[in-house]
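The lines below spell out each chain.
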Protein chains: 2
Amino acid sequence: MSSEFELIARYFSRQPADDSVQLGVGDDCTLLQPSPGHWLVVSVDTSVVDVHFPAAAPAHAIGHRALAVSLSDLAAMGATPRWCLMALTLPEAQDDWLADFARGFHELCDASGVSLVGGDIARGELSIGVTVHGELPPGTALRRNGARAGDVLAVTGTLGGGHGGLRAWQDGERNLDDPLLAAYLLPQPRIAAGQALRGVATAAIDVSDGLLADLRHVCEASGVGADLDGEALPLAPGLVERLGEEEAYRAALGGGDDYELLVSLPPSAVDEARARLEALGVPLTVIGSLAAEPGIRGVADSIPSGWLHFRGDTP
Amino acid sequence: MSSEFELIARYFSRQPADDSVQLGVGDDCTLLQPSPGHWLVVSVDTSVVDVHFPAAAPAHAIGHRALAVSLSDLAAMGATPRWCLMALTLPEAQDDWLADFARGFHELCDASGVSLVGGDIARGELSIGVTVHGELPPGTALRRNGARAGDVLAVTGTLGGGHGGLRAWQDGERNLDDPLLAAYLLPQPRIAAGQALRGVATAAIDVSDGLLADLRHVCEASGVGADLDGEALPLAPGLVERLGEEEAYRAALGGGDDYELLVSLPPSAVDEARARLEALGVPLTVIGSLAAEPGIRGVADSIPSGWLHFRGDTP
């Protein structure tokens, strides 16, 4: 096995994208110059083999996905991505795999305007921890606790694709042109959409745990309840064909791994939000409304309890 | 198993230490207010069970150690610790273990002035990734590339304790009052010493990979060579008694996990550096000097090649 230092030099040392990086990969720490007058927005997510992605998934998709799930948290705050660090744990260093993994990671870095500025490589079960840093003008973050009774509830893109893609993988689908498999293995964090919704949305969260679970987080943080319109849920293309209608509906409500943005906004702001997102090619669908009465009504009762936990199952 | 959210609420949500934390644990991201006119100093390290620590180590020591190794990187830059995030992967949630683990982690947070501001909990092989953030006035960081021919080479504290403690553990020692075992399982990052050496040391690195390996990093980054005085190496108390003289000497040169600071400084600055560290109760020992000629001379030849890699062995 190559040393940690050789691996870092070979696969993870690149010229940073901008001069905010005073010192990048290769010293004890990274030195960064934050933008004056901004808040720093930070999140970390770990992707573990056979929990969050299949061991046999293409390495470039594993690299892409590990970064995407962290960037999705920045998107949900409306932040501008700046820098990331990667803590890579892997059982052995295979050059082909690492080159492919690094390519997937770097391509999403480039597409998202984020620089890989540091990291660590350790030996163990394959897992990738990605810490992302973004920036925001003070007080402009889309938080979970700003939703109000009377707000409309809306979601970007479509739902259920993450779970549908997992099922497609389990069914033997290996072609990343398959929209469901791509939704699962190559999720696209809604970075531009999150920034566009600043000043319009009252609260936001990314749909990582499943629509109902994430909606519950918003409701609890904001002290409101929700009335969902089940028929309005934008199902991922091909989802009904693969799973059947009932299972597709459940995947949209509880499947998780969709990395869309769930937002609340005043009814008067829906047109403005939709126009901003349309300019980015991102659909926004109203799926319900918020009320003072706690609880989630409309469709939640039809989901068997315990069903929501499949996210942690081995893919 | 409790949900991720319950675990975070129970063990990892605490009031942040200062008001730079605009939003802590519990949203998609953390919101931090960096100090105006400072650089951000960031590092991540992963500690993997049976690679970096024994599975049966006390949980509070595992928590302490996972944070300590990351803080040691901040120390080596001379940075002031501010915030950290923890990516915890664990096979199952045992309340006793987690409470003890969190206590060890939080106690070192308090002692170091760092706030735990975010994290992630995933299921898998036990591993702890800690991202630490510190701050520095621009241009004051202790980097690896500032060492010059003619500089003196010095090290804080003592060497070989990390490896000696690993050997003590393997020999069945379980009492954390044993100085070697404490050096291995409860390392104390040299945070105050690192800050005190700003403006005095020309380069610094923490001794995590072993004195020779880390010295090599400094020499390569600075374009210098080194002449070590083997007899000057400050051996950890009890090391010769446990390992014998030859093995103790090897542990000091290549054992790693000592988390002391290895620094270069002009001969004229040695008294000042020693005085500053003495005020902190930290000894500083001159162990050699730097020269224009590349390579490490003095003691390196007596270390068999390959011997340095035991750090990754199962404890």
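Given the structure is predicted, the values throughout are model-derived calculations rather than measurements. (Residues numbered from 1 in each chain as written. Chains lettered and ligands numbered in written order. Predicted model: local features only at pLDDT ≥ 70, side-chain atom pairs only at ≥ 80, totals over all residues. Heavy atoms only, no water.)

### Section: a negative patch on the surface
So the rule is basically this: To count toward a patch, a residue needs a relative accessible area above 30% and no salt bridge. Like charges then connect within 9 Å, nonpolar side chains (Val, Leu, Ile, Met, Phe, Trp, Tyr) within 5 Å. Only the protein chains shown count as cover for residues, with accessible areas throughout obtained via the Shrake-Rupley method and a probe of 1.4 Å. The term salt bridge refers to a side-chain nitrogen of Lys or Arg lying within 4 Å of a carboxyl oxygen of Asp or Glu. Only four residue types enter the charge count, namely Lys and Arg as positive and Asp and Glu as negative; His and the chain termini do not. For the purpose of locating charges, the reference atoms are NZ of Lys, CZ of Arg, CG of Asp and CD of Glu. Under the DSSP-based scheme used, a helix requires at least four consecutive residues in state H or I and a strand at least two consecutive residues in state E, with every element numbered from the N terminus.
Together, Asp50(A), Glu125(A), Asp50(B) and Glu125(B) make up a region of like negative charge exposed at the surface. Take Asp50(A): it is sitting in the loop between strand E3 (39-48) and helix H2 (59-77).

### Describing the relation of the copies chain B and chain A
Applicable threshold: What sets the superposition is a least-squares fit of C-alpha atoms, and only residues with pLDDT of at least 70 in both copies go into it. Contacts are assigned to residue pairs that have any heavy atoms within 4.5 Å of one another.
By a simple turn and slide, chain B fits onto chain A: the slide is 0.0 Å along the axis, the RMSD is 0.0 Å, and the turn is 180 degrees. Here the two chains are linked by the operation of a two-fold rotation axis. Of the interface residues in chain B, 100% have counterparts in chain A that sit at the interface too, so the contact is made through matching surfaces.

### Digging into the sheet that holds strand E6 (residues 127-136) of chain B
Short version of the rule: Here a strand pair is declared whenever DSSP counts at least two bridges between the two strands. What counts as an axis is a line fitted to C-alpha atoms, over the stretch in contact for a helix, and the angles between N-to-C directions run from 0 to 180 degrees.
Pairing within the open sheet is mixed, and its six strands lie in the order E1(A)-E2(A)-E3(B)-E6(B)-E4(B)-E5(B). On the outer flanks of this sheet lie strand E1 (21-23) of chain A together with strand E5 (115-123) of chain B, each paired with one strand and no other. Neighbour-to-neighbour, the strand axes of this sheet turn through a mean angle of 20 degrees, independent of strand direction. Strand direction decides the pairing type here: strand E2 (residues 30-32) of chain A and strand E3 (residues 39-48) of chain B, joined by three bridges, are antiparallel. Looking across to E3(B), one finds that Thr30(A) is bridged to Val42(B). Strands in contact with helix H2 (residues 59-77) of chain B are E1 and E2 of chain A together with E3, strand E4 (80-90) and E6 of chain B; relative to E6(B), the strand with the most contacts, it is inclined by about 30 degrees.

### Things to note about the packing of aromatic side chains
All names here are of chain A. Applicable threshold: Side-chain rings of Phe, Tyr and Trp (the six-membered ring for Trp) are treated as a pair once their centres are within 6.5 Å; stacked means planes under 30 degrees apart, edge-to-face means over 60, and tilted covers the remaining angles. Each residue is placed in one exposure class: buried if its accessible area under a 1.4 Å probe, protein chains only, is under 20% of its type's maximum, exposed if it is over 50%, and partly exposed if it falls in between.
Evaluation of the coordinates by the stated rule reveals six aromatic pairs over all chains. A ring pair is formed by Phe12 and Phe101, whose centres lie 6.4 Å apart and whose planes are at 80 degrees; its orientation type is edge-to-face. Here Phe12, found in helix H1 (residues 4-12), pairs with Phe101, found in helix H3 (residues 95-112); they are 89 residues apart in sequence, far enough to count as distant. Note on accessibility: Phe12 and Phe101 belong to one class, buried. Where Trp97 meets Phe101, the ring centres are 5.0 Å apart and the plane angle is 15 degrees; that geometry is what we call stacked.

### Quick word on the UniProt feature "binding site: Mg(2+) 3" (unreviewed entry) in chain A
Filter applied, for reference: UniProt positions are given in the numbering used here, feature names are shortened, and annotations may be inferred rather than shown by experiment. For this analysis, a polar contact is any N or O atom pair within 3.5 Å, provided that within protein one partner can donate a hydrogen and the other can accept it, and provided that sequence-adjacent residues contribute only side-chain to side-chain pairs.
In this numbering, the UniProt entry assigns the feature "binding site: Mg(2+) 3" (unreviewed entry) to Asp28(A), Asp73(A) and Asp206(A). Across 179 residues, the annotated set is spatially dispersed, with a maximum C-alpha separation of 33.0 Å. With respect to the helices and strands, Asp28(A) occurs in the loop between E1 and E2. When neighbours within four sequence positions are excluded, Asp28(A) is seen to be in contact with Ser43(B), Asp73(B), Ala76(B), Met77(B), Arg144(B), Ala204(B), Ile205(B) and Asp206(B). Within the secondary structure, Asp73(A) is located in helix H2. In this view, Asp73(A) contacts Ser43(A), Asp45(A), Asp206(A), Asp28(B) and Cys29(B); residues no more than four positions away in its chain are not counted. A polar contact is formed between the side chain of Asp73(A) and the side chain of Ser43(A), at a distance of 3.3 Å.

### So, the interface of chain B and chain A
Defined as follows: By buried area we mean how much accessible surface two parts lose on assembly, using a 1.4 Å probe and totalling the loss over both.
In this complex, chain B contributes 51 residues to the contact, which on the side of chain A involves 51 residues. Both sides together, the interface formed by chain B and chain A hides about 4300 Å², and carbon and sulfur atoms give 58% of it. Three residues stand out in chain B for area buried against chain A, namely Asp28(B), Trp39(B) and Leu40(B), and they jointly supply 16% of the buried area on that side. The interface formed by chain B and chain A contains four salt bridges. For Asp27(A), the salt bridge identified is with Arg144(B), shortest N-O distance 3.5 Å. Counting across the chain B and chain A interface gives 15 residue pairs in polar contact (both at pLDDT 80 or more).

### Section: helix H7 (residues 211-222) of chain B
Spacing of three or four residues puts side chains on the same side of an α-helix, whose turn is 3.6 residues. Residue and element names in this part refer to chain B. Convention followed: To estimate the expected span of a helix, count its residues, drop one, and scale the result by 1.5 Å.
The first and last C-alpha atoms of H7 sit 16 Å apart over twelve residues, in line with the 16 Å expected at 1.5 Å per residue. Burial runs high along H7: nine of the twelve residues are buried. Looking only at H7, the buried set comprises Leu211, Leu212, Ala213, Asp214, Leu215, His217, Val218, Cys219 and Ser222.

### Here's the deal with the pattern of salt bridges
Tallying each qualifying case throughout the model produces 26 salt bridges over all chains. Residue Asp257(A) is joined to Arg65(A) by a salt bridge in which the shortest nitrogen-to-oxygen separation is 3.4 Å. Of the two residues, Asp257(A) is situated in the loop between helix H9 (245-254) and strand E10 (261-265) and Arg65(A) in helix H2; the sequence distance between them amounts to 192 residues. Of the residues examined, Asp257(A) reaches a relative accessible area of 10% and is grouped as buried. Residue Glu107(A) is joined to Arg103(A) by a salt bridge in which the shortest nitrogen-to-oxygen separation is 3.7 Å. Remark: Arg103(A) and Glu107(A) occur in helix H3; sequence separation between them is four residues, near one turn of the helix. On the basis of relative accessible area, Arg103(A) is assigned to the partly exposed category, the value being 38%. Within this structure, Asp27(A), Asp28(A) and Arg144(B) form a network of salt bridges that share partners.

### What about empty space enclosed by the protein?
It is the rolling of a water-molecule-sized probe over the atoms that shows where space remains empty. Cut-off, in case you're wondering: Detection works on a 1 Å grid of protein atoms alone, calling trapped sets that fit a 1.4 Å probe cavities and calling open sets with protein on both sides within 12 Å along at least five of seven lines pockets, with lining residues defined by an atom within 4 Å of a point. Grid points are joined across faces, edges and corners, and a volume is the space filled by probe spheres set on the points.
Applying the stated criterion to the full structure yields four cavities of 30 Å³ or more. Approximately 110 Å³ is the volume found for the largest cavity. Forming the walls of the largest cavity are 18 residues, and the residues nearest its centre are Thr46(A), Ala87(A), Gly129(A), Ala87(B) and Gly129(B). Looking at the lining of the largest cavity, the elements that each hand over two or more residues are E3, strand E4 (80-90) and strand E6 (127-136) of chain A together with E3, E4 and E6 of chain B.

### Looking at the pairing of strand E10 (residues 261-265) of chain B
Residue and element names in this part refer to chain B. Counting buried positions over the five residues of E10 gives five, a clear majority of the element. Judged by which residues are buried, E10 turns out to be covered on both faces: Leu261, Val263 and Leu265 on one side and Leu262 and Ser264 on the other are all buried. Two strands pair when backbone bridges link them, and strand E7 (residues 152-156) and E10 are joined in this way by four bridges, in the antiparallel orientation. Its bridge partner being in E10, Val155 is matched across the sheet by Leu262. Bridge count for strand E8 (residues 203-206) against E10 is four bridges, and the pairing is antiparallel. Paired with Asp206 across the bridge in E10 is Leu261.

### Regarding the domain arrangement of chain A
Residue and element names in this part refer to chain A. This is how it is decided: Where each domain starts and ends comes from a domain assignment, either automatic or drawn from a database. Amino acid classes used here: Ala, Val, Leu, Ile, Met, Phe, Trp, Tyr, Cys and Pro are nonpolar; Asp, Glu, Lys and Arg are charged; the rest, including Gly, are polar.
If you check the domain split of chain A, you get domain 1 (4-136) and domain 2 (152-301). Taking only C-alpha atoms, the centre of domain 1 and the centre of domain 2 are 25 Å apart. Opposite the 23 residues of domain 1 that make contact, domain 2 presents 19 residues. In this structure, the connection of domain 1 to domain 2 is made through one salt bridge. Among the secondary structure elements, those contributing two or more residues to the side of domain 1 that touches domain 2 are H2 and E4. Residues belonging to the side of domain 1 that touches domain 2 are distributed by class as follows: 14 nonpolar, seven polar and two charged.

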